[in-house]
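Listed below, chain by chain, are the residues.
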Amino acid sequence: MSARDAVTTGASGEPVNPGHSARPRQTDYPAEITRAGEQACQASLPCIEAVHLYPTTMNTYGDRGNVAAITRRAAWRGIPLRWHFVELGEAAPEGADLVFIGGGQDRVQGAVAEDLGRRRDWLAAAAASGAVIFGVCAGLQLLGRRYVAADGSELPGLGLFDLETLAAKPGEWRLIGNVVVEVAMPAGPRLLAGFENHGGRTRLGPGSQPLGRVLLGRGNNGTDGTEGVRQGTMLATYLHGPVLPKNAWLTDHLLTLALTHAGGDPAAITPLDDSFELSAQAEAIARAEGDAQAAHGMQEKLVAVARRLRRAI
Amino acid sequence: MAGMELLPRLTARALASAIKLAGAGQASSLPGKVTNRLFPGYLHAHAAGLTEGLAIVTGTNGKTTTANMAALVLQDAGRQIVHNFEGANLLSGIATAFSRRPDARFALLEVDEAIAPLAVRCLRPPGAIVLTNLFRDQLDRYGEVDRLATGWQKMLEELPDVTLIANADDPLVAWVAQQSGRPTVFFGVEGLTEGAGNEVSDVTTCPRCATMLHYSARWLSQLGEYDCPNCGFARPPRRLWAQADRLVTAPDGTVTVPLGGDVQAGLRLRVPGLHTVYNALGTLALTSHLGVASEQALASLARYQPVFGRWSCVRRGQTLVQVNLAKNPAGMNQTLRTVGAVPGPKALIFVLNDNIADGRDISWIWDIDMEDLLPEAEAIVTTGTRRHEMALRLKYAGVPTAKVQTTPSLAAALELLQRRGQNSIYLLPTYTALKEVRRTLAGWDPVAQ
C-alpha cells in the first residue's frame, strides 16, 4: 500500500466533502521519506498511524522537516509508522496515534478553520484516547478557543486548548526571530531551539500549561515569557525551523507517546547517534544568543548616546 | 545635469571609490544607501532625466540573469542604459547605478520583488515590467507570497500605461497580470509532462476562488499547466514559448531549444538549466517590446556569459569549481536538477548563511526536495553560519553521515575536497556567502563557457 493509497483507502467513514477528494491531488512529499515505514507496517508489530492534516495547504515553514524527523527516527529503530496525508475535505482514518498540523499562509486559514471545525469530534476523541496532537504556529492557534483578527472579526478555533490569540494590533510588530525555550520534562529540563514568525499574540487560560519558558526570543505573546502549550498528550508550539529535526528529544517524546497509544513498548525508542542533531541545535542556540547580544549592545549604545546628549544639554 | 544633483552623485561616487580602496568588495550597495538617506529626491530626479523610459524586472528568481541578459541585448543594439548589474536590487543599488551613469536616457532595473511598488513610486512609471515568478523566499522579511502578489496588484493599479511581460506558467503571476487589465505578453515553456511532482509549491489554490488548482503537468515548483476546476481560471495563452521537451544540453553545457510563437527560431545559451530558458524568454519578450529585432537578440543571448555566482566557473590546476547562488527551495531544486544532469563524479559544497540579506529563517532548506533531487555525489561539505543545520538536512534526506562533513570556512572546504582528489566541485552559496566565495576564489582562473 502506498502513502497515496493510505490517504484514500485507509480512511473510514464518508469524506466530509466527497467532491473534493475525488479530484487528483498533488502530494508534497518525497515518497522516499514515507516508504520505509510503509513497508514495516506490513509486519505484525504495532504500527503508528500518523496523520498530517493539510500537507499541501499548510506547509509554509519547512513542515515537511517535522514529518521527515518523525519518519526517520521511527524507521532507524525499526518501528513501523504509516502516514496518512489528509487535505481539506478528505476523510481521516479512525484510531490515529499521532496528528500533526503545520503552519500556513493567512489566505487559507479561513478554509482550514472551517474544515477543522468538522473534525472536532474526531480530534477530541483522538486526544481523549491518548493520541498525540502536535500543532505548529497556525496549528497552535487553530487548536485554541478563538482567533480574533485585527478588524475584530473572530475565527472560531477547536477549543482543544484553553487559549486564545489576538492578531497584532496596528503598530505592533510581528514576533520574528530565533528562539530558545526551556521545557520541563520528568527527567529534567530540556532545551528547544527554533525560529518564530507570528503576528498573533496568544494567551493561555488556566486549563492549559505552557510548553516551556522562553530563554531567548519572544514566545506566545512577547510579554509573559511562555512558549507553546501542552495538555496531556496534546502539544503545540510557535517554533518552526522546523522544530523536530534539531530537537531530537522532542521527536522521541512524541514517538514514545504515539507508540504507547499504538500498543507498542516505549522501550523500543532506543538511543541513537544524535551528534548531527545536537550540533544543529547548539548552532541555533548560538545564533539566538548572538542576536540577543547584538540587541543588548545596540541598547547599551543608545543609552550611552542618550546619556551623552543629556549631559550636553 | 542640474547642479542640485551633482552633490549626491559625487557623494555616491566618492563613497564607492573609498569602499573599493578599503577593499570592501564590489561597492554596489553602500554608497547608494547613504545617498538615499541624504538625498531623498535623488532617484526621482534621475528618473525624470530618463527620456527614453524605464523597464523593470521583478520576481523571486531569475531577476539578475534576466536583467543582465536584457542589458546585453540592449547594449549590443547600441542603447545607452543605466543598469544595476550586480544584483543590487534595493533602492540603494538603484541609486548606485544612477551615480555611475548619470547621463543615460533609458534604465533597465532589476528590482527586489517586495520593494517594487515603492521603487516605482520613487522613480517613475515604467513602460514595461517583467514578472518572472513568485516563490517562497525570505519568509521572515517578506511574509508569504500572497502578500507580495497583493503589493504588485496595488502597484499595477497605479500604472495605467505599463506593458507586462509575464510568466504564464506561474498561476500567481498570471493571475496578477490578468487581473491588472494591462496589456501582457505571456511567455512559458511547452512539451513538459512532469518534473516537480514532489516539490513544495506556494500556490496550491486558485488565486481567484481558492479552490485547489488542478495540474495536468507541473515541472518546477508551482510552474506548470494548470486550471481551476471551479472557476475556469487557467494558464493563459502564450505569445512566446520554448519547446522544452526538445531542449538539448551539449557536454560543454551549451543549451539549444526551439522557440515558438512570436519568435520562430532556435535559442542557444551557454548557461544550463530550464530556469535559464525562462530568463531568456523574458528577455526576448522584453527586448522585442523595446524594439530590438529577435534575430539580433538571439545573437546576443548566444554569447551571454553568466555573472559571478550564477553558474560561473573557475579553475585551478585540475580542479574545476562551478558556483551557483541558491537561496530558496525553487532555486535550489532547479540547481540540484541541473547539477544532476551533468555526467561524471562530483562533489558538493553547500554554504548556508542566515544573515539578514539571506533571511534569518532557514526553514526553507527543509522544503528543498533533497530526497529526490540530490545528485549522486562522492562527498558533500557544508559551511556557513548554519552549516550544521544543512548537514542535518542531508542526514534526514537519507545521505549517509560518513559522506557529509562540516567546516567553518570555505577555504577549508575546498582544501578538504582537493585533498580527496575531487576535481569537479559544485559550490552552492546563499546570498551573503557569495562574498566569501568571491574572496576565496579570487586567485582562481575564470573559465569561459
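Throughout this document, residue positions are counted from 1 along each chain, in the order its sequence is written. Here chains are named by letter from A upward and ligands by number from 1 upward, in the order in which they appear as written. Only residues with pLDDT of at least 70 get local features here, since the model is predicted, and only at 80 or more are side-chain atom pairs given and counted; chain-wide, interface and lining totals rely on the full set of residues.

We count a stretch as a helix when DSSP gives it H or I for four or more residues in a row; a strand needs E for two or more, and each element gets its number in order from the N terminus. Counting its secondary structure elements, chain A contains 10 helices and 14 strands. Counts of 20 or more other C-beta atoms within 10 Å of a residue's own C-beta define buried residues, counts of 12 or fewer define exposed ones, and intermediate counts define partly exposed ones; C-beta atoms are placed from the backbone. Per-residue burial for chain A yields a buried fraction of 51% across its 313 residues. A fraction of 75% describes how many contacts in chain A between residues 6 or more apart in sequence connect residues 24 or more apart. Placing C-beta atoms from the backbone, we regard two residues as in contact once those atoms come within 7 Å.

This next bit is on the overall build of chain B. Secondary structure assignment for chain B yields 16 helices and 19 strands. A total of 449 residues make up chain B; the buried ones form 56% of that total. A fraction of 70% describes how many contacts in chain B between residues 6 or more apart in sequence connect residues 24 or more apart.

As a general feature of sheets, a regular strand has side chains that alternate between the two faces. All names here are of chain B. DSSP-based pairing: two strands are paired if at least 2 bridges between them are found. In the sheet, strand E13 (residues 310-316) pairs with strand E14 (residues 319-324) via six bridges, with the strands oriented antiparallel. Its bridge partner being in E14, Arg310 is matched across the sheet by Asn324. Here E13 hands over to E14 after two residues, with Gly317 in that stretch at a positive phi of 60°. As defined by bridge partners, E14 adjoins strand E18 (residues 424-429) across four bridges and the pair is classed as parallel. Across the sheet, residue Val321 finds its bridge partner in E18, namely Ile425.

As a further point, take the packing of helix H4 (residues 63-76) of chain B against helix H10 (residues 274-289) of chain B. If you want to describe how two helices pack, look at the angle between their axes and the distance between the axes. All names here are of chain B. Packing of H4 against H10 brings their axes to within 9 Å, and their N-to-C directions diverge by 45°. With respect to each other, H4 and H10 are oriented oblique. In this structure, H4 crosses over H10, and the sense of that crossing is right-handed. Residue-level inspection shows Thr65, Thr66, Met69, Ala70, Val73 and Leu74 of H4 in contact with H10, the latter providing Thr276, Asn279, Ala280, Gly282, Thr283, Leu286 and Thr287. For helices, the fitted axis covers only the stretch in contact; all axes are lines through C-alpha atoms, and the angles between them, taken along N-to-C directions, range from 0 to 180 degrees. These descriptions rest on fixed angle ranges, namely under 35 degrees for roughly parallel, over 145 for roughly antiparallel, 65 to 115 for roughly perpendicular, and the rest for oblique. Handedness of a crossing follows from how the near helix is turned relative to the far one, being left-handed for an anticlockwise turn of less than a right angle and right-handed for a clockwise one.

A separate point is the environment of Thr385 of chain B. All names here are of chain B. By the element assignment, Thr385 lies in the loop between strand E16 (379-383) and helix H14 (387-396). By C-beta crowding, Thr385 is classed as buried, having 21 other C-beta atoms within 10 Å. Spatially, the C-alpha atoms of Thr385 and Cys228 are 42 Å apart, while their sequence positions differ by 157 residues. Apart from the residues lying within four places of it in its own chain, the contact partners of Thr385 are Asn353, Asp354 and Asn355.

Attention shifts here to the pairing of strand E9 (residues 240-243) of chain B. All names here are of chain B. Two elements, strand E6 (residues 184-190) and E9, share four bridges in a ladder whose sense is parallel. Its bridge partner being in E9, Glu190 is matched across the sheet by Gln243. Across three bridges, the pairing between E9 and strand E11 (residues 255-261) is antiparallel. Bridged to Leu240 within E11 is Gly261.

Okay, the interface of chain A and chain B next. On the side of chain B, 33 residues touch chain A, which itself brings 40 residues to the contact. Residue assignment for the side of chain A that touches chain B shows that the elements contributing at least two residues are helix H3 (31-40), helix H4 (63-75), helix H5 (106-117), strand E8 (175-185), strand E9 (188-198), helix H8 (243-246) and helix H10 (275-312) of chain A. Ranked by the residues each element gives to the side of chain A that touches chain B, the list is headed by H10 of chain A, at seven residues. Residues are sorted three ways: Asp, Glu, Lys and Arg are charged, Ala, Val, Leu, Ile, Met, Phe, Trp, Tyr, Cys and Pro are nonpolar, and all the rest, Gly among them, are polar. Residue composition of the side of chain A that touches chain B, by class: 16 nonpolar, 13 polar and 11 charged.

A word on the sheet that holds strand E11 (residues 212-216) of chain A. Residues and elements named next belong to chain A. The strand order E9-E8-E11-E12 describes an open sheet built from four strands, whose pairing is antiparallel. A single partner strand is all that each edge strand has here, and the edge strands are E9 and strand E12 (226-227). Taken strand by strand, H10 contacts E8, E9 and E11, and its axis lies near 120° from that of E8.

Formed by 121 residues in total, the largest nonpolar core has its most connected members in Ile48, Leu98, Val99 and Ile133 of chain A. When near neighbours in sequence (up to four residues on either side) are disregarded, Ile48 of chain A contacts Ala74, Ile79, Pro80, Leu81, Asp97, Leu98, Ala258, Leu259 and Ala262 of chain A. The term nonpolar core refers to a set of buried Ala, Val, Leu, Ile, Met, Phe, Trp, Tyr and Cys residues connected through C-beta atoms within 7 Å. Leu240, Val271, Leu301 and Trp311 of chain B belong to the second-largest nonpolar core, a separate cluster that totals 89 residues.

To continue, consider the environment of Trp366 of chain B. As for its placement among the helices and strands, Trp366 of chain B is situated in the loop between strand E15 (347-351) and helix H13 (370-373). Residues Trp366 of chain B and Leu392 of chain B lie 26 residues apart in sequence; the distance between their C-alpha atoms is 9.8 Å. For Trp366 of chain B, the residues in contact, after removing those within four places along its chain, are Gly62, Arg64, Gly65 and Pro242 of chain A together with Arg393 of chain B.

Below, the discussion takes up the confidence of the model for chain A. Note on scores: pLDDT gives the predictor's confidence for each residue, bounded by 0 and 100. Across chain A, the average pLDDT comes to 84, with 86% of residues at or above 70. In this model residues 1-28 of chain A is a low-confidence stretch, pLDDT under 50, and it forms 54 contacts with partners more than four residues away in sequence or in other chains.

Next up on the list: the sheet that holds E15 of chain B. Residues and elements named next belong to chain B. Read from one edge to the other, the open sheet built from seven strands follows the order E17-E16-E15-E18-E14-E13-E19, with strand pairing classed as mixed. Lying at the two open borders of the sheet, with one neighbouring strand each, are strand E17 (404-406) and strand E19 (445-446). Alignment of E15 against E16, held across five bridges, turns out to be parallel. Residue Ile349 lies in a different strand from E16, and its bridge partner there is Val381.

Quick look at the environment of Ile425 of chain B now. Residues and elements named next belong to chain B. Locating Ile425 in the fold gives a position in strand E18. Sequence-wise, Ile425 and Pro345 are 80 residues apart; in three dimensions their C-alpha atoms are separated by 9.2 Å. Here Ile425 is in contact with Thr319, Val321, Ala347, Ile349 and Leu417, once residues within four sequence places are set aside.

We now examine helix H9 (residues 171-180) of chain B. One turn of an α-helix holds 3.6 residues; hence residues three or four places apart share an orientation. Residue and element names in this part refer to chain B. Across the 10 residues that make up H9, a large majority, seven, are buried. Taken as a whole, H9 has its buried residues at Pro171, Leu172, Val173, Ala174, Val176, Ala177 and Ser180. Check the buried side of H9 and you find it contacts strand E4 (128-131), helix H8 (145-157), strand E5 (163-167), E6 and strand E8 (223-227).

To continue, consider the packing of helix H15 (residues 410-419) of chain B against helix H16 (residues 433-440) of chain B. All names here are of chain B. Remark: H15 packs on H16, axes separated minimally by 9 Å, with the N-to-C direction vectors making an angle of 55°. As the angle between them shows, H15 and H16 are arranged oblique. Two secondary-structure elements touch here, H15 through Leu410, Ala411 and Leu414 and H16 through Glu436, Val437 and Thr440.

Attention shifts here to unusual backbone geometry. Of note, the phi angle at Tyr54 of chain A is positive, near 55°, even though the residue is not glycine. On the neighbour-count criterion, Tyr54 of chain A (27 C-beta atoms within 10 Å) is buried. Of note in this structure, Ser221 of chain B is not a glycine but carries a positive phi near 45°. On the secondary structure map, Ser221 of chain B appears in the loop between strand E7 (214-220) and E8.

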